[in-house]
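Residue-level structure breakdown
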Amino acid sequence: MLTNKKPEPTTYTGLTWIRQSLKARRNTAAIAKELQVPKVLLEDFETERRIPPEKVLQALAAFLTGGFGEYDPAIDRMRSTNKAEATSMGAKPPPFVPPKVKYVVGGLNQIGPQPVKPEKPKTKPYRPGWAR
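The model shown is predicted, which means the values in this text are computed figures rather than measured ones.

A closer look at the overall build of the protein
Broken down by element type, the protein carries four helices and four strands. Along the protein, helices and strands appear, N-terminal first, in the series α-α-α-α-β-β-β-β. The buried share of the protein, reckoned over its 132 residues, is 22%. Put simply, of all contacts in the protein between residues at least 6 apart along the chain, 37% involve residues at least 24 apart. Surface accessibility of the protein: about 12000 Å² in total, with carbon and sulfur atoms responsible for 57%.

This is the structure:
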């Protein structure tokens, strides 16, 4: 039976991100060995049977992001570990002002640039002794 109900918005939490990233890696044994936690703990977390302790979640988040992200259990979100201010790459260029041209570009038939005042084609000079 079809209904006109709108689907409820899904919340994408830090736990959801860690769980999906862990599922994408598929090698829980190597990750468990790296983090020195039981493989069963990660498999149960992957299948949503239980949630590991906060320290394991933080270590798992740091491992999955390569040290560029951390898990904040207070708000259940991922955060960047980059605390440096953004640096300017240089001066901002002036705004672009298109040049005024003396020909029309495109049009309805899209034939390209055409001169405003067409010139007569130049005739080739006659060279004596050559066939025309």
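So, the packing of aromatic side chains
The tally for this structure, following the rule as stated, stands at zero aromatic pairs. Its end group placed over the ring of F45, R19 keeps NZ or CZ at 4.6 Å from the ring centre.

Quick notes on helix α1 (residues 14–25)
For α1, built from 12 residues, the straight-helix expectation of 16 Å at 1.5 Å per residue is met to within 8% by its first-to-last C-alpha distance of 17 Å. Of the residues making up α1, those classed as buried are G14, L15, I18, R19, S21 and L22. Here the buried residues of α1 occupy an arc of 165° about the axis, which is enough to place them on one side. Buried residues belonging to α1 abut α2 (28–35), α3 (39–46), α4 (54–65), β1 (69–72) and β2 (77–80). Trailing α1 by a residue or two, R26 shows a phi angle of about 65°, which is positive.

Side note on the nonpolar core
I18, I31, V37, L42, F45 and L60 are the most contacted members of the largest nonpolar core, which has 16 residues in total. Elements supplying a minimum of two residues to this core: α1, α2, α3 and α4. Among the elements that take part in this core, α4 stands out by supplying five residues, more than any other. Setting aside residues up to four positions removed in sequence, L60 forms contacts with I18, L22, I31, L35, L42 and F45.

So, the packing of α1 against α3
Interaxial distance between α1 and α3 falls to 9 Å at its minimum, and their mutual angle equals 115°. Considering the angle they form, α1 stands roughly perpendicular to α3. Along this stretch, α1 crosses α3, giving a crossing that reads as left-handed. Residues L15, I18, R19, L22 and K23 of α1 form the contact with α3, whose participating residues are L42, F45 and E46. Grouping the amino acids of the contact of α1 with α3 by side-chain chemistry returns five nonpolar, no polar and three charged.

A few points about the pattern of salt bridges
By the definition in use, this model includes five salt bridges. In this structure, D44 and R49 form a salt bridge, with 3.0 Å as the shortest nitrogen-oxygen distance. Among the salt bridges present, the one from D44 reaches R50, with a minimum N-O distance of 3.2 Å. A residue is classified by how much of its surface remains accessible, and D44, at 12% relative accessible area, is buried. Where salt bridges share partners, they join D44, R49 and R50 into one cluster.

Brief notes about the confidence of the model for the protein
Confidence along the protein averages 83 in pLDDT terms, with 80% of residues attaining 70 or more. Between the elements of the protein, mean pLDDT differs from a low of 59, seen in strand β3 (residues 103–104), to a high of 94, seen in α4.

Parameters at a glance
Residues numbered from 1 in each chain as written. Predicted model: local features only at pLDDT ≥ 70, side-chain atom pairs only at ≥ 80, totals over all residues. Heavy atoms only, no water. Helix = DSSP H or I, 4+ residues; strand = E, 2+ residues; numbered from the N terminus. Buried < 20%, exposed > 50% of the residue type's maximum accessible area, 1.4 Å probe, protein only. Contact = heavy atoms within 4.5 Å. Areas by Shrake-Rupley, 256 points an atom, 1.4 Å probe, with all protein chains shown as cover. Phe/Tyr/Trp six-rings, centres within 6.5 Å; stacked < 30°, edge-to-face > 60°. Lys NZ or Arg CZ within 6 Å of the ring centre and 35° of its normal. Expected span 1.5 Å × (residues − 1). Arc of directions from axis to C-beta. Core = buried A, V, L, I, M, F, W, Y, C linked by side-chain atoms within 4.5 Å. Axes fitted to C-alpha atoms, helices over the stretch in contact; angles between N-to-C directions. Parallel < 35°, antiparallel > 145°, perpendicular 65-115°, else oblique. Left-handed = near helix turned anticlockwise from the far one by under 90°. Nonpolar A, V, L, I, M, F, W, Y, C, P; charged D, E, K, R; others polar. Salt bridge = Lys/Arg side-chain N within 4 Å of Asp/Glu carboxyl O. pLDDT = per-residue confidence, 0-100.

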